[in-house]
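Below, each chain spelled out in residue letters.
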Amino acid sequence: GAGVSQTPSNKVTEKGKYVELRCDPISGHTALYWYRQSLGQGPEFLIYFQGTGAADDSGLPNDRFFAVRPEGSVSTLKIQRTERGDSAVYLCASRVPGTGSDNEQFFGPGTRLTVL
Amino acid sequence: GQSLEQPSEVTAVEGAIVQINCTYQTSGFYGLSWYQQHDGGAPTFLSYNALDGLEETGRFSSFLSRSDSYGYLLLQELQMKDSASYFCAVGGSQGNLIFGKGTKLSVKP
């Protein structure tokens, strides 16, 4: 079946603007994760959804970052008042807890965000 | 806190064997995983170790020693397509992953 999809693939915005990044997980995957990856670094955990609720948002860097998953499938990561330091690739991953290898997550291709 | 250490770069030739080491410090341990990421691509799952010992999946094997907080990924019969970044990651209590900075593997002909 289809994998995790993310839109847009690239987003260029100006400092101070608001952006929304979308993730469409694999159908039936109840767990959804957002990560941020800067150049030369590993992905950094941002937030975890189990169903519709954010089970762990401890990785969100500050209150400019917010994410929702209103129907338990598609998720949107929202960044307010963007800063140049927000430039990174934002990755989404999904899985079905309790199936497969415990640490196996399925990643999307990411959204490359550039803040000018 | 939690941290993982792995070499930043490794170079090897086609057909050779390469080992990428990973040491970790975690407040709780929920398994060690390895992911592969080609330039511009998505991370893809390679292997997972919850218990000590060796796990083998085709040309790739992964080892874990919980007492030493150490693991490695072994790649055999290297191919050009194995040129990529390899990340070790430990699982968090909520199933989230904490990644190392990655090892860039270059396979030369």
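As a reminder, the structure under discussion sits directly above these lines.
The text that follows walks through the structure, step by step, so that each part is easy to find.

Cut-offs applied
Residues numbered from 1 in each chain as written. Chains lettered and ligands numbered in written order. Predicted model: local features only at pLDDT ≥ 70, side-chain atom pairs only at ≥ 80, totals over all residues. Heavy atoms only, no water. Helix = DSSP H or I, 4+ residues; strand = E, 2+ residues; numbered from the N terminus. Rg over C-alpha atoms; globule rule 2.2 N^0.38 Å. Buried < 20%, exposed > 50% of the residue type's maximum accessible area, 1.4 Å probe, protein only. Contact = heavy atoms within 4.5 Å. Areas by Shrake-Rupley, 256 points an atom, 1.4 Å probe, with all protein chains shown as cover. Lys, Arg positive; Asp, Glu negative; His and termini not counted. Charge placed at Lys NZ, Arg CZ, Asp CG, Glu CD. Disulfide = S-S within 2.5 Å. 1 Å grid on protein atoms, 1.4 Å probe; cavity = no way out; pocket = protein on both sides within 12 Å on 5 of 7 lines; lining within 4 Å. Points joined across faces, edges and corners; volume = space filled by probe spheres on them. Core = buried A, V, L, I, M, F, W, Y, C linked by side-chain atoms within 4.5 Å.

Comments concerning the overall build of chain A
- For chain A, the helix and strand inventory stands at zero helices and eleven strands.
- Element order for chain A, N to C, with α for helix and β for strand: β-β-β-β-β-β-β-β-β-β-β.
- At 13 Å, chain A has a C-alpha radius of gyration in line with the 13 Å of a compact globule built from 116 residues.
- Referenced to the eigenvectors of the C-alpha coordinate spread, the extents of chain A come out at roughly 40 × 25 × 20 Å.
- Across the 116 residues that make up chain A, the buried fraction comes to 46%.
- Restricting the contact set of chain A to residue pairs at least 6 apart, pairs at least 24 apart contribute 53%.
- By element, 47% of the accessible surface of chain A is carried by carbon and sulfur atoms, the whole surface being about 5500 Å².
- Charged side chains in chain A number 12 positive and 12 negative. The centres of these two groups are separated by 7 Å.

Focus: the overall build of chain B
- When you go through chain B residue by residue, the secondary structure sums to zero helices and eleven strands.
- What you see for chain B is a C-alpha radius of gyration of 13 Å, in line with the 13 Å of a compact globule of 109 residues.
- Principal axes of the C-alpha set define a box for chain B whose edges measure 40 × 30 × 20 Å.
- Per-residue burial over chain B gives 48% buried out of 109 residues.
- In chain B, the share of contacts with a sequence separation of at least 24, taken over all contacts with a separation of at least 6, comes to 54%.
- Total accessible area computed for chain B in this model is approximately 5200 Å², and 46% of it derives from carbon and sulfur atoms.
- For chain B, the distance from the average position of its 6 positive side-chain charges to the average position of its 10 negative side-chain charges is 6 Å.

Considerations on the state of the cysteines
Residues and elements named next belong to chain B.
- Taken as a whole, this structure holds two disulfides over all chains when the rule is applied.
- The disulfide partner of cysteine 22 is cysteine 88, and the gap between their sulfur atoms is 2.1 Å. On the S-S bond that ties cysteine 22 to cysteine 88, the torsion sits near 75°, and the link is right-handed. A residue pair is termed long-range when its members are at least 10 positions apart, and cysteine 22 in strand S3 (residues 18–25) and cysteine 88 in strand S9 (residues 84–91) qualify at 66 residues.
- On the basis of relative accessible area, cysteine 22 is assigned to the buried category, the value being 0%.

So, the layout of surface pockets
- As a volume, the largest pocket reaches approximately 590 Å³.
- Contributing to the lining of the largest pocket are 29 residues, with Gln37, Ser38, Leu39 and Gly40 of chain A together with Gln37 of chain B lying nearest its centre.
- Where the lining of the largest pocket is concerned, the elements lending two or more residues are strand S9 (88–95) and strand S11 (111–115) of chain A together with S9 and strand S11 (103–108) of chain B.
- In terms of residues, the lining of the largest pocket owes the most to one element, S11 of chain A, which gives four residues.

Here we look at the nonpolar core
- Core analysis: the largest hydrophobic core is formed by 22 residues, its most contacted members being Leu4, Leu32, Trp34, Leu75, Tyr86 and Leu105 of chain B.
- Aside from chain neighbours lying at most four places away, what touches leucine 4 of chain B is Cys22, Thr23, Tyr24, Leu32, Cys88, Ala89, Val90, Ile98, Phe99 and Gly100 of chain B.
- By size, the runner-up hydrophobic cluster in this structure holds 20 residues, among which are Val4, Ile26, Ile47 and Ala67 of chain A.

A word on the environment of glutamate 71 of chain A
- Among the secondary structure elements, glutamate 71 of chain A is positioned in the loop between strand S7 (65–68) and strand S8 (75–79).
- Along the chain, glutamate 71 of chain A and glycine 53 of chain A lie 18 residues apart, while their C-alpha atoms are 9.6 Å from each other.

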